[in-house]
Amino acid sequence: MKWLRRLSLLLAVVAAAAAALLFAVVQPGVGPRPSSPPAADAQRLRDDVKRLSVDFYPRSYDRPGQLDQVSAWLHEEFERAGARVSYQPVIVEGQAYRNVVARFGPQDGPLRVIGAHYDSFAETGVDSGDERGYSPRTHTPGADDNASGVAGLLELARMLGRAPPSRPIELVAYTLEEPPHFRSEHMGSAWHARALRASGREVEFMLSLEMIGRFSDRPGSQTYPVRGMHRLYSDRGDFVVVVGRMGDFGLTRKVKAAMAGATPLPVHSINAPPLLVQGVDFSDHLSYWREGFPALMVGDTAFLRSHRYHQADDTYQTLDYARMAQVVQGAYAAATGP
C-alpha cells in the first residue's frame, strides 16, 4: 500500500499548489474597505469622452498638431479643477510631444501616480479612403481606448480639487502609448517613469486607467486569454479588473479592497506573469515596472471584452457611463485612502 500513500501525498501536494496558485492569481477573500467617495459625474464623463473622440479626432501619433490641441485642453481642464499643472516634453525621432501632469496635495512625501494615455490607435500606411489622409477606417475614434481613461482622470481632478488630498498625488495624461511606440522607451509614460527614477522620488504606487467604459451583462460577453479562467471570474463583462505582476500582490489586494468598498461595481483582480497571461503588461504601468516602481492596471479588459477594440465603432455612444463613474469613484478611494 506504499504506492497508495505516495499517490495520496502527491495529490495533496498538487491540491495545495493549485490552492496557492488560485490565491496568488485571483485574490479571493479580499474584503471591501468601505468608504464614501464623492460621486463622479456620469454626464461629465460622457461629455469629455465625446470631446476627445469627436472634437479632437484623430488623436494619433502621426497628427502631432492635433495631440498638441488635446494636451492644451487637458492643461486647461486640470488647471480649472485646481491642480498645479505642467507639461513634460516628450521628444521622439525629432518630433515634440508632451505629457500633461496635474499635481494635488503636499509637494513632499511618497507619491501616488494615476495615469491614462490620451492618444488613440492609427493604422498608417493604409489607404484611408479620405483625401485628408485619415478616416475611422484607419484612425479610430478611441472612445473606450482611451478617451474613457482620460475622462476618468479629468473627473478625478475635479474630485481632488474639491477636497484636496493629504498626500501627494499626480494625475498624468500620457502621449504615445499606441503603436508604433507601444511597449517602447518612447511612450509618454516611459518618459515620466524615467524622470521619477532620476529625481529619486519615492513612488508609493502607480495606477494606469486603461479602457474603463465598456460593460455588458450578457452571458458570454467576457473572454479570457487562458482556457478555464471564466470559472474563476465571470462569463459576463460586468466587472472592472485590477491587474498586477506577482511582485505587486499586496498592492493589488489594497487597491481591490478600496475599489470594492467604494461602489457596488464588482471588482476582480489578477496577479500573473506576462509570459503566462497575455495582456497583463499591455499599458502604461509597464513603464513603471521597468523603473522598479509598484504599478497596476485598472480596466475593462479591452479586447477580451470589446469587439470594438481598435475599430471604427469604438465611439462615445457605446460606453456605459454609469458604471464608468463607479470605476472613477473606486480609483478615487484607492488614490486617497490609507
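What counts as what
- Residues numbered from 1 in each chain as written.
- Predicted model: local features only at pLDDT ≥ 70, side-chain atom pairs only at ≥ 80, totals over all residues.
- Heavy atoms only, no water.
- Helix = DSSP H or I, 4+ residues; strand = E, 2+ residues; numbered from the N terminus.
- Rg over C-alpha atoms; globule rule 2.2 N^0.38 Å.
- Contact = heavy atoms within 4.5 Å.
- Areas by Shrake-Rupley, 256 points an atom, 1.4 Å probe, with all protein chains shown as cover.
- Lys, Arg positive; Asp, Glu negative; His and termini not counted.
- Charge placed at Lys NZ, Arg CZ, Asp CG, Glu CD.
- Core = buried A, V, L, I, M, F, W, Y, C linked by side-chain atoms within 4.5 Å.
- Buried < 20%, exposed > 50% of the residue type's maximum accessible area, 1.4 Å probe, protein only.
- Salt bridge = Lys/Arg side-chain N within 4 Å of Asp/Glu carboxyl O.
- Axes fitted to C-alpha atoms, helices over the stretch in contact; angles between N-to-C directions.
- Parallel < 35°, antiparallel > 145°, perpendicular 65-115°, else oblique.
- Nonpolar A, V, L, I, M, F, W, Y, C, P; charged D, E, K, R; others polar.
- 1 Å grid on protein atoms, 1.4 Å probe; cavity = no way out; pocket = protein on both sides within 12 Å on 5 of 7 lines; lining within 4 Å.
- Points joined across faces, edges and corners; volume = space filled by probe spheres on them.

Draft legend 1. Molecular detail of the overall build of the protein chain. Assigned secondary structure in the protein chain consists of eight helices and eight strands. Taking 2.2 N^0.38 as the reference for a compact globule, 338 residues should give roughly 20 Å; the C-alpha atoms of the protein chain span a radius of gyration of 20 Å, in line with that estimate. With the C-alpha coordinates of the protein chain rotated into their principal frame, the extents come out at 80 × 50 × 40 Å. Considering only contacts in the protein chain between residues 6 or more positions apart, those separated by 24 or more positions represent 77%. Of the roughly 14,300 Å² of accessible surface on the protein chain, 55% is carried by carbon and sulfur atoms. Averaged over its 37 positive side-chain charges, the protein chain has a centre that lies 9 Å from the centre of its 37 negative ones.

Draft legend 2. Molecular detail of the nonpolar core. Grouped together as the largest cluster of nonpolar side chains are 65 residues, with contacts concentrated most on Val49, Leu74, Phe78, Ile114, Leu171, Leu209 and Met259. With sequence-adjacent residues up to four places away left out, Leu209 is seen in contact with Ile114, Gly115, Ala116, Asn146, Gly149, Gly152, Leu153, Leu156, Val298 and Ala331.

Draft legend 3. The arrangement of the pattern of salt bridges in detail. A complete count under the given rule lists 20 salt bridges for this structure. Salt-bridge contacts for Asp130 lead to Arg132; the nearest nitrogen and oxygen are separated by 3.0 Å. Under the relative-accessibility criterion, Asp130 is labelled partly exposed at 27%. Arg132 sits in the partly exposed class, given a relative accessible area of 46%. Salt-bridge contacts for Asp281 lead to Arg183; the nearest nitrogen and oxygen are separated by 2.9 Å. Here Asp281 is found in the loop between β7 (267–271) and α7 (285–290), whereas its partner Arg183 is found in the loop between β4 (169–174) and α5 (188–199), with 98 residues between them in sequence. Its relative accessible area of 30% is what places Arg183 among the partly exposed residues. What emerges from the salt-bridge pattern is a single network uniting Arg44, Asp48, Glu77, Arg80, Glu155 and Arg158.

Draft legend 4. Layout of the packing of helix α3 (residues 64–81) against helix α4 (residues 143–162). α4 packs onto α3 with a crossing angle of 25 degrees between their chain directions and a minimal axis gap of 8 Å. The angle between α3 and α4 places the two elements in the roughly parallel class. Counting all contacts with α3, which are made through Trp73, Leu74, Glu77, Phe78 and Ala81, the residues of α4 involved are Val150, Leu153, Leu154, Ala157, Arg158 and Gly161. Class assignment for the residues of the contact of α3 with α4 results in eight nonpolar, one polar and two charged.

Draft legend 5. Here's a closer look at the layout of surface pockets. Its boundaries defined by the atoms lining it, the largest pocket holds a volume of some 460 Å³. Gly279, Met297, Thr301, Ala302 and Leu304 are the residues nearest the centre of the largest pocket, which is lined by 32 residues in total. Elements supplying a minimum of two residues to the lining of the largest pocket: β6 (240–244) and β8 (295–299). In terms of residue class, the lining of the largest pocket is built from 20 nonpolar, seven polar and five charged.

Draft legend 6. Highlighting the packing of helix α2 (residues 42–55) against helix α8 (residues 321–336). Look at α2 against α8: their axes get within 8 Å of each other, and the N-to-C directions meet at 100 degrees. Here α2 lies roughly perpendicular to α8, going by the angle between them. Residue-level contacts link Ala42, Leu45, Arg46 and Val49 of α2 to Tyr321, Ala322, Met324, Ala325 and Val328 of α8. Taken together, the residues that form the contact of α2 with α8 break down as eight nonpolar, no polar and one charged.

Draft legend 7. The side chain of His181, seen in detail. Along the chain, His181 turns up in the loop between β4 and α5. Residue classification places His181 among the buried residues on the basis of a relative accessible area of 4%. Leave out the neighbours within four places in its chain, and His181 touches Tyr61, Val92, Glu93, Leu176, His186 and Met187.

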